[in-house]
Amino acid sequence: MINFKGTMDNFITDALDGICAEASDRPVLCALSGGVDSAVCAVLAHKAVGSRLTCIFVDTGFMRKNEGDNVMSLFRDTYEINLIRVDAEERFLKKLKGVTDPEQKRKIIGEEFIRVFEEEAKKLGKVGCLIQGTIYPDIMESGGDGHKQVKAHHNVGGMPLNIEFESVIEPIKMLFKEEVRDCGRRLGLPESFVNRQPFPGPGLAVRCLGELTKPKLEILREADAIFCGEIEKAGLQGQIQQYFAVLPNVQSVGVRNDERCYEETIVLRAVTTDDFITAKPAILPHELTETIVKRITNGVKGVNRVVYDFTPKPSGTVEWE
Ligand code: XMP
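For clarity, every value in this text was computed on a predicted model and none was experimentally measured.

Procedures and definitions
- Residues numbered from 1 in each chain as written.
- Predicted model: local features only at pLDDT ≥ 70, side-chain atom pairs only at ≥ 80, totals over all residues.
- Heavy atoms only, no water.
- Near = heavy atom within 4 Å.
- Polar contact = N/O pair within 3.5 Å; in protein donor to acceptor, adjacent residues only side chain to side chain.
- Areas by Shrake-Rupley, 256 points an atom, 1.4 Å probe, with all protein chains shown as cover.
- Pairing = 2+ DSSP bridges.
- Helix = DSSP H or I, 4+ residues; strand = E, 2+ residues; numbered from the N terminus.
- Right-handed = clockwise from strand over helix to strand, strands pointing away.
- Axes fitted to C-alpha atoms, helices over the stretch in contact; angles between N-to-C directions.
- Contact = heavy atoms within 4.5 Å.

*Asks:* Explain the site of the ligand here, please?
*Replies:* As a matter of local geometry, the ligand sits amid 13 residues, with Arg106, Gln242, Lys313, Val318 and Glu319 nearest to it. Here glycine 201 contributes a backbone N or O atom positioned 3.3 Å from a nitrogen atom of the ligand. One of the side-chain nitrogen or oxygen atoms of glutamate 319 is found 2.5 Å away from an oxygen atom of the ligand. In isolation the ligand has 500 Å² of accessible area, and contact with the protein removes 85% of it.

Listed below in C-alpha cells is the structure:
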C-alpha cells in the first residue's frame with residue numbers, strides 16, 4: 001500500500017518543501033541512530049535546511065563493530081552534516097551494573113538514551129524543531145491511525161523528551177520500509193546503509209545475556225562481525241532477513257592447545273521472514289558454517305564453542321531478550 005500519491009521523486013520534492021515550510025528559519029535537530037529511517041530523515045532535513053540542521057548520534061556502547069565510525073564518516077565527512085557524537089558507553093554500563101533482567105535492561109537503556117539526548121540538545125541552546133524518523137508501520141503498530149496496538153516498543157512521536165520543541169516534523173511517516181529504502185537510494189545513501197538489516201534500539205545489549213560488561217560486549221561484537229561478514233561474503237544477505245551473534249552467558253569446558261579451557265559460547269541466529277511477526281531459522285550451507293565456527297573459535301579470544309539457534313518464531317522471538 002502506498003500512502004502518498006505520485007512518484008518517489010514527487011514525494012521527495014514535497015517532503016523538502018514541507019520541512020522548509022515547517023522549520024522556517026529555525027534550527028533543526030535530528031537523532032541519528034545509524035538505521036535507515038533516521039538516516040533518510042537526516043539527509044532530507046539537510047537538503048532542506050542545510051547547516052541549520054544538527055544531528056546527534058548517541059554511542060551507547062551497544063553498537064556493532066565500527067558502526068559509530070561508519071556513521072560519523074558518512075554523515076560528517078561525506079554529507080558534511082553537523083553531527084555530534086556522544087560517547088556514552090561508560091555511562092550506560094554504570095547504570096546497568098548488576099542488572100540482569102531483560103525488561104529492566106531495556107527500560108534503563110531507553111531512559112538513559114533520552115537523558116543523554118536531552119543533555120546534548122540543551123547544550124545547543126534553543127532548537128525549534130525536532131525531526132523524527134517515524135514510519136507508517138510504527139503508527140500502525142502503536143495503534144495510531146485507527147489500527148489496533150500490537151507492539152509497544154515502537155512509540156509514535158518517538159522519545160518522551162523533557163524538552164519543548166515548537167514543532168516535531170515526521171517527514172517519512174506515511175512511508176513503508178521499502179519506500180523509505182527507495183527514498184534513501186534516490187537521496188544517494190549507499191546500499192550498505194539502505195539495505196541494513198533491522199537492529200533493535202537497545203542494540204547488542206539484548207543479545208548479551210546477563211550483566212552487561214565491556215569484555216562480554218567486545219567478544220560479542222567481534223563474533224558478530226565475523227558472522228555477518230561471512231554471510232555477506234557468501235552473498236546471502238538478500239535471502240536472510242536478519243543474522244547476528246548472541247552471547248548467552250554460558251561457559252563450557254573445551255580444549256585448546258592440549259589444555260582444558262573454560263570459555264564463552266556464541267549462538268548464531270539467522271532468520272528468514274516476511275514480516276518479523278513469524279520467522280524461520282535460515283539453513284546455512286555446511287561449509288559456510290564450518291568456516292564461521294573456525295573463525296570465531298580461533299579468532300575471538302574467550303570463545304571455545306559456537307551453536308546454531310534452530311528455533312522458529314514462535315516459540316522463540318528473533319532476539320533473545
Ligand atoms: P522479536 O525479537 O520481537 O523481534 O521477534 C522482531 C523484530 O523487531 C526487532 N526488535 C526491535 N526493534 N526496538 C526496535 O527498534 C526494539 O526494542 C526491538 N526489539 C526487537 C528485532 O530485531 C526484529 O527485527
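*Asks:* It is not clear to me how the pairing of strand S1 (residues 28–31) should be interpreted in this structure. Could you clarify?
*Replies:* Both S1 and strand S2 (residues 53–59) contribute to a ladder of 4 bridges, which runs parallel. Residue pairing in the sheet places alanine 31 in a bridge with isoleucine 56 of S2. In terms of handedness, the path from S1 via helix H2 (residues 36–49) over to S2 forms a crossover that is right-handed.

*Asks:* Whenever I open this one, the sheet that holds strand S5 (residues 167–169) confuses me. Can you help?
*Replies:* Two strands in a sheet stick together by hydrogen bonds in their backbones, pointing the same way (parallel) or opposite ways (antiparallel). Pairing is parallel in the open sheet, where 5 strands are placed in the order S3-S2-S1-S4-S5. Each edge of the open sheet carries a strand with a single partner, namely strand S3 (82–87) and S5. When the angles between neighbouring strand axes are averaged without regard to direction, this sheet yields 25°. Against the sheet, H2 touches S1, S2 and strand S4 (129–131), its axis set at about 155° to S2. Against the sheet, helix H3 (residues 67–78) contacts S2 and S3, and its axis sits at roughly 165° relative to S3.

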